[in-house]
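Descriptive structure summary
Listed below, chain by chain, are the residues.
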Amino acid sequence: MPESNRGFSAYFRRDLLLAYRRRGEVASPIIFFVMVATLIPLGITPEADSLKELAPGTIWVMALLATLLSAEGLFVSDYKDGSLEQLLISPNMLVMPIFGKVTAHWITTGLPLTLASPLIGLMLSLPSVAYLPMMAGLALGTGCLSFLAAIGAALTVSLQKGSLLLTLIVMPLYMPIIIFGSAVMQYSIDGMAWSGPLAILGAMLAVAIALCPLAIAAVLRLITIN
Amino acid sequence: MVNSSLLTVNDLRFERDDIPVINGACLTLNVGEILQIEGPNGSGKTTLLRILTTALQPSGGEILYRGQILSECRFDYLSNILFLGHQSALKLTLTAEENLSWTTSELPGSVSIMEALEQVGLRGYSDVPCHKLSEGQQRRVALARLLVTNAEVWFLDEPFSALDKQGVQFVEQCMERHIKGGGAVMLTTHQPIGMEPVRRYSLVGSSVGGGF
Amino acid sequence: MNWTWFYRMGSPLWFYQSTSRWLPLLSLVTLVLLVAGLAWGLGFAPEDAKQGNSFRIIYLHVPASFLALAGYFLMATAGAIGLIWKMKLSYIVMKCAAPIGAALTFLALFTGAVWGKPTWGSYWVWDARITSMLILLFLYFGVLALQYAFHNQEAGNKASAVLALVGTVNIPIIYKSVDWWFTLHQPSTIKLTSAPSMHPDMFQPLLVMILAFYFFYALALILAVRVEILKRESKTTWVRELVEQASRQKIGAK
Amino acid sequence: MNFQFQDLNEMLLMGGHGVYVWAAVLVSLGTLIWLVVSPILQHKQTLKEIGLNLTREELRNQSGNKDI
């Protein structure tokens with residue numbers, strides 16, 4: 001296997017294995033996702049047509065919060081047991097293992113959310129035309145969410161009460177994603193072509209994939225071991 | 001000309017928030033030698049190890065590996081060193097074998113994982129999740145990493161902590177075999193080492209931290 | 001090309017001494033510009049046809065928004081210089097620029113909200129520029145919170161420097177997507193009077209006010225940096241002499 | 001370019017918008033003044049503090065036991 005690829009697949013498989021060993025924990029973002037979805041009808045209005053109005057934005061806000069919830073553990077467990085230190089002094093580029101870890105995080109949180117989203121669509125009486133765009137948008141959007149949350153996780157890895165700070169730091173960076181994510185669904189509900197905002201989400205994901213691992217590697221090298 | 005000194009460090013300085021932790025440390029580590037770093041707690045022993053394994057950036061001074069500046073030969077320097085810190089760097093939900101497979105994927109070695117676990121005295125434990133092992137056994141799994149890779153330079157931070165007499169003996173044998181095979185060891189410990197070619201380097205002189 | 005001037009410029013002692021010489025002049029210029037600009041804007045500029053006198057708030061809202069954004073980029077650049085050349089002074093500049101920038105962003109938001117009341121009838125309107133300004137305020141809070149979260153000063157500096165850089169990359173994306181989102185939802189409502197299309201008599205005082213705010217930002221930043229330098233360099237000899245000198249003057253004056 | 005208002009009273013009213021304009025002006029000036037005054041106060045405070053530390057250090061040196 002080429003040099004850099006080994007770093008990616010080693011940590012990708014390891015994190016998937018870690019998640020598999022604690023299968024129960026993988027379900028928690030989905031449970032959170034569904035639970036919050038039931039709050040909206042209770043809190044605002046149960047009747048269908050106004051729920052239909054709220055559905056796109058609510059689904060995206062919940063997906064965003066669910067990703068944030070599970071992002072904190074990304075580096076903290078490695079930092080505590082010393083494997084982050086070993087990662088920092090491994091000969092291969094630091095970027096590839098990070099890329100592997102964040103992809104594994106996406107598969108354990110972003111993907112399940114995307115697959116569970118039709119259930120929420122049902123509960124919020126989302127029109128059937130919007131299901132496919134919702135899942136397409138969520139698939140790309142949660143990817144960006146994972147990469148950005150990983151930067152926040154790296155910045156706050158050596159802090160005890162890091163999770164609140166993580167939210168504070170990363171939330172502003174989520175704004176563009178939530179705007180275009182809910183726009184994809186809104187366009188499809190209004191019957192317009194929803195490929196435009198989806199393309200922008202794809203572009204954001206591409207930029208996130210290219211730049212975030214570099215930023216995370218720089219942060220981990222600069223800050224953690226002090 | 002094979003440069004016998006694996007590692008040379010001149011005038012190494014490290015400051016944390018303008019408080020000098022390491023001030024002008026100079027030392028060399030030659031092939032087939034054990035260097036023991038002494039000093040009271042907080043004199044910067046672990047910090048020195050972290051700088052030498054490039055986990056920390058020094059504030060000044062230079063580090064040479066086989067006569068070359070570290071930044072120029074970073075890849076083959078990092079492929080030839082092994083660091084064992086206070087923490088055992090094990091993922092507790094994974095089994096001992098899985099934990100060791102990450103090290104071999106990074107630094108391929110000659111001895112297989114199963115043999116290494118046997119030599120460490122954990123024969124049947126290869127597929128047991130680490131959280132079921134005792135603290136001492138987890139430490140042995142970490143020590144098994146010494147056998148699995150053929151890294152030239154070992155940096156051991158308090159290797160004897162949480163080890164019984166047998167464990168200590170095992171570590172000393174490993175170090176013995178390693179330096180005979182052309183490697184070098186730099187370790188920090190408080191216990192006296194019952195072995196020969198041990199040079200001592202005390203950090204007290206160079207850091208402000210001491211002086212009770 | 002010798003870089004000594006760059007490193008000499010980076011030494012806190014040099015900064016402290018040269019600013020001591022220029023501070024009086026800078027504060028005088030800032031005061032004059034501020035007073036002149038405000039008097040001109042509030043008293044002499046003609047009334048706006050549609051909005052009446054409430055448009056005069058532009059003379060505070062627009063300069064504050066300019067400086068809020070410029071302040072963020074200055075903070076990020078100082079952080080970048082600190083990261084690349086490991087200059088302590090630029091970390092100090094970044095650390096002091098954050099609260100000033102946050103205060104100016106809050107000021108821009110407050111004046112924007114107060115301006116919204118007579119114009120649109122409600123204090124909070126999801127106007128594109130005000131929403132982007134709100135997100136900018138959140139970015140500032142992120143940097144401030146990160147700066148004070150670390151015990152180890154150096155780690156705090158590096159973390160907030162990287163966050164400021166990440167924020168800088170995201171600001172254009174945020175501003176563009178908010179603009180796009182704004183046109184999607186409320187294309188009809190009037191935008192705040194955009195500066196260039198204004199009548200010259202209204203526009204000139206605005207230029208003076210923007211200039212005054214730039215000078216003010218420099219003044220506030222230099223004052224804050226000097227305090228931080230004293231705190232960081234309290235062990236050095238030149239600070240000790242300064243302290244003795246100050247206490248002697250006090251005894252002399254008493 | 002001439003003064004827009006007949007007298008001070010009209011300037012305060014500003015055709016009904018005076019409340020908002022002057023509220024904005026007061027808050028702005030308040031913030032600006034605070035941004036300049038607080039560093040000046042801190043400057044004096046820091047100088048005093050360093051002075052105190054110096055005297056404390058001298059006391060410690062004279063009394064012979066070198067503190068850690």
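Residues numbered from 1 in each chain as written. Chains lettered and ligands numbered in written order. Predicted model: local features only at pLDDT ≥ 70, side-chain atom pairs only at ≥ 80, totals over all residues. Heavy atoms only, no water.

An unreviewed UniProt entry annotates chain A as Heme exporter protein B of SAR92 clade bacterium. UniProt's Sequence similarities (unreviewed entry) comment on chain A is quoted here verbatim: "Belongs to the CcmB/CycW/HelB family." Looking at the Subcellular location (unreviewed entry) heading of the UniProt record, one finds this comment for chain A: "Cell inner membrane". (UniProt positions renumbered as here; feature names shortened; annotations may be inferred.)

Moving on, we get to the overall build of chain D. Along its length, chain D carries two helices and zero strands. Relative to a compact globule of 68 residues, whose C-alpha radius of gyration would be 11 Å, chain D shows 26 Å and is clearly more extended. On the principal axes, the C-alpha backbone points of chain D span a range of 75 × 20 × 20 Å. Scored against the burial criterion, the 68 residues of chain D give a buried share of 31%. In the form shown here, chain D has an accessible surface area of approximately 4800 Å², with 64% of it arising from carbon and sulfur atoms. (Helix = DSSP H or I, 4+ residues; strand = E, 2+ residues; numbered from the N terminus. Rg over C-alpha atoms; globule rule 2.2 N^0.38 Å. Buried < 20%, exposed > 50% of the residue type's maximum accessible area, 1.4 Å probe, protein only. Areas by Shrake-Rupley, 256 points an atom, 1.4 Å probe, with all protein chains shown as cover.)

Residue and element names in this part refer to chain B. Of note, the phi angle at T54 is positive, near 60 degrees, even though the residue is not glycine. Position of T54 relative to the elements: it lies in the loop between helix 1 (45–52) and strand 4 (60–65). Notably, R66 is not glycine yet its phi reads approximately 50 degrees, a positive angle. Within the secondary structure, R66 sits in the loop between strand 4 and strand 5 (68–69). In this structure R66 comes out as partly exposed when scored by relative accessible area, which is 33%.

The next subject is the sheet that holds strand 2 (residues 19–30) of chain B. Strand-to-strand pairing in sheets goes through backbone hydrogen bonds, with the strands running parallel or antiparallel. Residue and element names in this part refer to chain B. Read across the sheet, four strands follow the order 2-1-4-5 without closing on themselves; strand pairing throughout is antiparallel. Sheet topology places strand 2 and strand 5 at the edges, where each strand pairs with a single neighbour. Two elements, strand 4 and strand 5, share two bridges in a ladder whose sense is antiparallel. Across the sheet, Y65 pairs through a bridge with Q68, a residue of strand 5. (Pairing = 2+ DSSP bridges.)

With 27 residues of chain A at the contact, the number on the chain B side is 25 residues. Summed over the shared surface of chain A and chain B, the number is four salt bridges. Between E85(A) and R50(B) there is a salt bridge; the shortest N-O distance is 2.5 Å. The interface formed by chain A and chain B contains nine residue pairs in polar contact (both at pLDDT 80 or more). (Contact = heavy atoms within 4.5 Å. Salt bridge = Lys/Arg side-chain N within 4 Å of Asp/Glu carboxyl O. Polar contact = N/O pair within 3.5 Å; in protein donor to acceptor, adjacent residues only side chain to side chain.)

Residues and elements named next belong to chain C. Mapped onto the fold, W120 is located in helix 4 (residues 88–120). For W120, a relative accessible area of 22% puts it in the partly exposed group. Residues W120 and G10 lie 110 residues apart in sequence; the distance between their C-alpha atoms is 49 Å.

Our next topic: the nonpolar core. Core analysis: the biggest nonpolar cluster contains 173 residues, and I59(A), F75(A) and F213(C) have the highest contact counts within it. If near-sequence neighbours (up to four positions away) are discounted, F75(A) is found in contact with L84(A), K101(A), A150(A), A153(A), A154(A), V157(A), I216(A) and L220(A). Judged by nonpolar contacts, the second largest core, of 36 residues, contains A151(B), F160(B), F170(B) and I179(B). (Core = buried A, V, L, I, M, F, W, Y, C linked by side-chain atoms within 4.5 Å.)

Residue and element names in this part refer to chain A. Under the local residue numbering, the UniProt record ascribes the feature "transmembrane region" (unreviewed entry) to residues 26–45, 57–77, 98–124, 130–157, 164–187 and 199–223. This span, residues 57–77, is 95% helix and 0% strand, and a straight line between its end C-alpha atoms measures 32 Å. Taken end to end, residues 98–124 comprises 96% helix and 0% strand; its first and last C-alpha atoms sit 36 Å apart.

This brings us to the sheet that holds strand 8 (residues 184–188) of chain B. All names here are of chain B. Sheet architecture is open: five strands sit in the order 6-7-8-3-9, paired in parallel fashion. Edge positions in the open sheet fall to strand 6 (81–84) and strand 9 (198–202), since each of these has one partner strand only. Ignoring strand direction, the axes of neighbouring strands in this sheet form an average angle of 15 degrees. Pairing of strand 3 (residues 33–38) with strand 9 involves five bridges; the strand directions are parallel. In the strand pairing of strand 9, L35 is matched with R199. The strands that helix 1 touches are strand 3, strand 6, strand 7 (153–157) and strand 8; relative to strand 7, the one it contacts most, it runs at about 150 degrees. (Axes fitted to C-alpha atoms, helices over the stretch in contact; angles between N-to-C directions.)

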